[in-house]
Amino acid sequence: MKERHISLLGSTLLVLLSLANVNAFYLPGAAPHNYEQGEQVDLFVNALTPMLSGNDDSKLKSLINYDYYNPAFHFCQPEGGPKSQPESLGSILFGDRIFNSPYDIKMLESNGTCRTLCKPIQVPPEDAKFINDRIREDYALNWLTDGLPAAEMKRDLKTGDIFFDIGFNLGNDDNGTPSLNNHYEIVLRYHEPSPGIYRVVGVLVWPSSRGGSQEDTDRPDCSGEVQPLLLSETQSTTVRYTYRVTWNESDTPWATRWDNYLHILDPRIHWFSLINSLVIAVFLCVMVGMILLRTVTRDISRYNAIDLSEDVQEDWGWKLVHGEVFRTPRFPMLLAVLVGNGAQLCAMCSVTLVFALLGFLSPSNRGSLVTVMMVCWSFFGGIGGYYSGRVYVSLGGVNRRKNAFVTATVLPTLVFIVIFLLNFFLLVAGSSGAVPFTTMLLIVVLWFGISAPLSAIGSYIGSQQGGVSHPVRVNQIPRQIPPTPRYLQPWASALLAGLLPFGAAFVELYFVMSSLFASRAYYAFGFLVLTAGVVSLTTGTVTILFTYFILCAEEYRWHWRAFITGGGSAFWILAYGLFYWASRLSLDSFSSVALYLGYLFLICLFDFLVTGTIGFLASYWAVRRLYSAIRVD
């Protein structure tokens, strides 16, 4: 049978690759809502967000979100005023601000009837300018019905597939003059699993701008050809909002209703990137493995033969620094703290990706991804403390209490300061994306109440276990270090080594950044998990190779170099982020620029900690194995 000849690695890859296109299943908390005819179908409104227009060369013009009921927009409000809806921690951090709306929608009723949403509204000139500016910046409205976002139906020009693009335009400025969309064609797709039971499986909206008479009438006309509605910036403008609901039966079951939303644009790019990354990683691992195996084996045999010979011969190469290689590096506490926080982030990312890959993070639970990340980060404080304490003791550190305190506080404090500054810019810009004080307080509670105590416990356990045993002793007097080649200088080796992990991930990085900044849905977690695995493997292998090179050059200060070399991909991500800013963003306001650079700094910082930790731990393992294979007097 051919199946018996498939290797274990091939089987694993096939399973993971098949999961890349598998439909996500849902937990019991996301059960379907069964409607009966005439039952109220609630439509909720979310914050307005900037979006990329349909052109390939379009640029994102802002990063500021605005509350739907911001007084400057003058949208119709429900009776009794808007009421905020409960949201998760991740949803709030991502800028969701969900409220009820005045739209009166009942299951399978008022099909095709044009209705007035509220009485005509007077928009003053200063608010008209505000709205026109938002139209020029391609802002989009975001609605929710039965957990599904309202979208526009579009066709993928490369594959021909029909998909739903989340959000729809506030207005239109294709002709150079902004016009406000004041009429909405709402198409609700429903599925009937059993007689008399209906489920919403799709929400589509076609907005249009309808000028002409804006007076209140009992029977508004929503079908005639009229001029677009232009808001005057010199005098007040009357605006009447209308809508029409159309019900369309669909054979799409409730369990797969998200498939149209989670469309992967041109999946061939993902496959090409993944296969290219795998080829690079396999080639690199084979090359490094052969070099190290042949060279190190030959060196060990030569050194052991010299030890057995009667003639006294001087050591050379990496054996020459055997008495220095485990010498305590400079700033051992800082290095241990960075490794501990990197290990905590590694554990958080790994568990989150596994949950996402298996479909536990349903897109209907808004913000579930960020919520799981925050919870995992809090409960994995013990992992960070353990690795920090163990590494600190192994490096010869003695101030264990201070190390435990710094491990639990330095990274959260830095991140909190950056988030606080970014939140200040959001408040100044009047954005709804500013994190509320209560949410900030909850994050502090997660930090002080869960993460910090667990980190202290982990540091205590790691310190009590003692340091990792070293196969060779450290000389009392450090030896002189010869000049190091330029390509082995710390920053040069970091840039050279970081290029390979970055090259394995830059395609997926584009889609992830588009999801973060351009409000694009991203759900290709199968590709993302495999890419993360390739990056980790490549980072560890390249760092071991450069560590071996510097030891052969008689440079025994490898600890910091291994961490910086492993984190070299962060510098390429920073460069790519600046390129993404120049090519895909057109930010005019200082607040948007500050937000983008702040978020980019956090992304690079987290990547530096994660990949630096992988490189350091891989090099530590390799160095211990290398020097335990030789006999030293």
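These lines cover the structure that appears in this document, whether it is placed above or below. This one's a predicted model, so the numbers in the text were calculated from it and none came from an experiment.

Scoring rules and cut-offs
Residues numbered from 1 in each chain as written. Predicted model: local features only at pLDDT ≥ 70, side-chain atom pairs only at ≥ 80, totals over all residues. Heavy atoms only, no water. Helix = DSSP H or I, 4+ residues; strand = E, 2+ residues; numbered from the N terminus. Contact = heavy atoms within 4.5 Å. Areas by Shrake-Rupley, 256 points an atom, 1.4 Å probe, with all protein chains shown as cover. Pairing = 2+ DSSP bridges. Phe/Tyr/Trp six-rings, centres within 6.5 Å; stacked < 30°, edge-to-face > 60°. Buried < 20%, exposed > 50% of the residue type's maximum accessible area, 1.4 Å probe, protein only. Salt bridge = Lys/Arg side-chain N within 4 Å of Asp/Glu carboxyl O. Axes fitted to C-alpha atoms, helices over the stretch in contact; angles between N-to-C directions. Nonpolar A, V, L, I, M, F, W, Y, C, P; charged D, E, K, R; others polar. Disulfide = S-S within 2.5 Å. Core = buried A, V, L, I, M, F, W, Y, C linked by side-chain atoms within 4.5 Å. Patch = residues over 30% accessible without salt bridge, like charges linked within 9 Å, V, L, I, M, F, W, Y side chains within 5 Å. Parallel < 35°, antiparallel > 145°, perpendicular 65-115°, else oblique. Left-handed = near helix turned anticlockwise from the far one by under 90°. Expected span 1.5 Å × (residues − 1).

Side note on the overall build of the protein
Stage number 1. The helix and strand tally for the protein stands at 14 helices and 16 strands.
Stage number 2. Of the contacts made within the protein by residues no fewer than 6 positions apart, 80% connect residues no fewer than 24 positions apart.
Stage number 3. For the protein, the exposed surface amounts to about 30,200 Å²; the carbon and sulfur share of it is 61%.

Some points on the sheet that holds strand 7 (residues 148-149)
Stage number 1. The strand order across the open sheet built from three strands is 1-6-7, with neighbouring strands paired in antiparallel fashion. The open sheet has two edge strands with one neighbour each: strand 1 (43-45) and strand 7.
Stage number 2. For strand 6 (residues 143-145) and strand 7, the ladder comprises two bridges, and the chain directions are antiparallel. Within the sheet, the bridge partner assigned to Thr145 lies in strand 7 and is Leu148.

Thoughts on the packing of aromatic side chains
Stage number 1. All chains considered together, the criterion is met by 40 aromatic pairs.
Stage number 2. On the numbers, 5.4 Å between centres and 75 degrees between planes, the contact of Tyr510 with Phe511 is edge-to-face.
Stage number 3. Taking relative accessible area as the criterion, Tyr510 reaches 28% and is therefore assigned partly exposed.
Stage number 4. The rings of Tyr66, Tyr68, Tyr69, Phe73, Phe75, Phe99, Phe130, Tyr139 and Tyr241 are connected pair by pair, giving a single aromatic cluster.

With respect to the pattern of salt bridges
Opposite charge on two side chains makes pairing possible when the charged atoms of those side chains draw close.
Stage number 1. Tallied over the entire structure, the rule returns eleven salt bridges.
Stage number 2. Glu555 serves as the salt-bridge partner of Arg561, at 3.4 Å between the closest nitrogen and oxygen.
Stage number 3. Take Arg561: its relative accessible area is 12%, and that puts it in the buried class.
Stage number 4. Accessibility expressed as a relative area gives 1% for Glu555, which makes it buried.
Stage number 5. Residues joined in a network through salt bridges with shared partners are Asp104, Lys106 and Arg115.

Some words on the packing of helix 6 (residues 368-379) against helix 9 (residues 437-465)
Stage number 1. Contact pair helix 6 / helix 9: the axes reach a minimum separation of 7 Å and the direction vectors enclose 35 degrees. Where helix 6 approaches helix 9, its residues Met374, Trp377, Ser378 and Phe379 are matched on the opposing element by Ile443, Leu446, Trp447, Ile450, Ser451 and Leu454.
Stage number 2. When the residues that make up the contact of helix 6 with helix 9 are grouped by side-chain class, the tally is eight nonpolar, two polar and no charged.

Brief notes about the state of the cysteines
Stage number 1. Within this structure, the stated rule accounts for two disulfides.
Stage number 2. Once the disulfide-bonded cysteines of the protein are ranked by sequence position, their pairing pattern turns out to be 1-3, 2-4.
Stage number 3. Looking at Cys349, it has no disulfide partner, and the nearest cysteine sulfur is the one in Cys346, 6.9 Å off.
Stage number 4. Here Cys376 stays unpaired: no disulfide links it, and the sulfur of Cys349, its closest cysteine neighbor, is 9.6 Å away.
Stage number 5. The class for Cys376 is buried, based on a relative accessible area of 10%.

Let's talk about the sheet that holds strand 2 (residues 49-50)
Stage number 1. In space, the three strands of this open sheet follow the order 2-5-10, with antiparallel pairing throughout. Since the sheet does not close on itself, it has two edges, and those belong to strand 2 and strand 10 (168-169), each with one partner.
Stage number 2. Taken together, the two bridges between strand 5 (residues 139-141) and strand 10 define a ladder with antiparallel strand orientation. Within strand 10, the residue paired with Leu141 across the bridge is Phe168.

As for the pairing of strand 16 (residues 242-249)
Stage number 1. Bridging between strand 3 (residues 114-116) and strand 16 involves three bridges; their strand directions are antiparallel. Each residue of the ladder has a partner; that of Arg115, found in strand 16, is Tyr243.
Stage number 2. Summarising the sheet, strand 13 (residues 183-194) and strand 16 pair through eight bridges and their orientation is parallel. Note on strand 16: the bridge partner recorded for Ile186 is Val245.

Observations regarding the nonpolar core
Stage number 1. With 125 residues, the main nonpolar core has Tyr103, Trp143, Leu170, Tyr184 and Ile186 as its most contacted residues.
Stage number 2. Per-element tally for this core: the top contributor is helix 14 (residues 590-627), with 15 residues.
Stage number 3. If sequence neighbours within four positions are ignored, Tyr184 has contacts with Phe75, Tyr103, Leu141, Trp143, Phe168, Val205, Trp206, Pro207, Tyr241, Thr242, Tyr243 and Arg244.
Stage number 4. By size, the runner-up hydrophobic cluster in this structure holds seven residues, among which are Leu274, Phe511, Tyr522 and Leu530.

So, a nonpolar patch on the surface
Stage number 1. A contiguous nonpolar surface patch, about 410 Å² in accessible area, is contributed by Phe437, Leu441, Leu442 and Val445.
Stage number 2. Structurally, the position occupied by Leu441 is in helix 9.

Focus on the packing of helix 12 (residues 558-566) against helix 14
Stage number 1. Running from amino to carboxyl end, helix 12 crosses helix 14 at an angle of 135 degrees, the nearest separation of the two axes being 6 Å. Here helix 12 lies oblique to helix 14, going by the angle between them. Viewed along their axes, helix 12 and helix 14 form a crossing whose handedness is right-handed. Along the contact surface, helix 12 presents Trp558, His559, Ala562, Phe563, Ile564 and Gly566, while helix 14 presents Phe608, Leu609, Thr611, Gly612, Thr613, Gly615, Phe616, Ser619, Tyr620 and Val623.
Stage number 2. A per-class count over the contact of helix 12 with helix 14 returns nine nonpolar, seven polar and no charged.

Focus on helix 11 (residues 525-552)
Stage number 1. Relative to the 40 Å expected for 28 residues at 1.5 Å per residue, helix 11 spans 41 Å between its end C-alpha atoms, a close match to the ideal helical length.
Stage number 2. The buried count for helix 11 comes to 21 of 28 residues, which makes it a mostly enclosed element.

Considering the side chain of Asp165
Stage number 1. Among the structural elements, Asp165 can be located in strand 9 (residues 162-166).
Stage number 2. Owing to a relative accessible area of 15%, Asp165 belongs among the buried residues under this scheme.
Stage number 3. The contacts of Asp165, once residues within four sequence positions are left out, are Met51, Ala151, Glu152 and Lys154.

Thoughts on helix 5 (residues 332-357)
Each full turn of the α-helix corresponds to 3.6 residues, which orients residues three or four apart in the same direction.
Stage number 1. Under the 1.5 Å per step criterion, the end-to-end length of helix 5 is 37 Å for 26 residues, consistent within 8% with the ideal 38 Å.
Stage number 2. With 19 of 26 residues buried, helix 5 lies mostly within the body of the structure.
Stage number 3. Downstream of helix 5 by one or two residues, Gly359 has phi in the positive range, about 85 degrees.

Focus on unusual backbone geometry
Stage number 1. Unusually for a residue other than glycine, Phe331 sits at a positive phi of about 50 degrees.
Stage number 2. Considering the arrangement of structural elements, one finds Phe331 in the loop between helix 4 (267-308) and helix 5.
Stage number 3. A positive phi angle is found at Glu554, which is not glycine, with a value near 65 degrees.
Stage number 4. When you line up the elements, Glu554 lands in the loop between helix 11 and helix 12.

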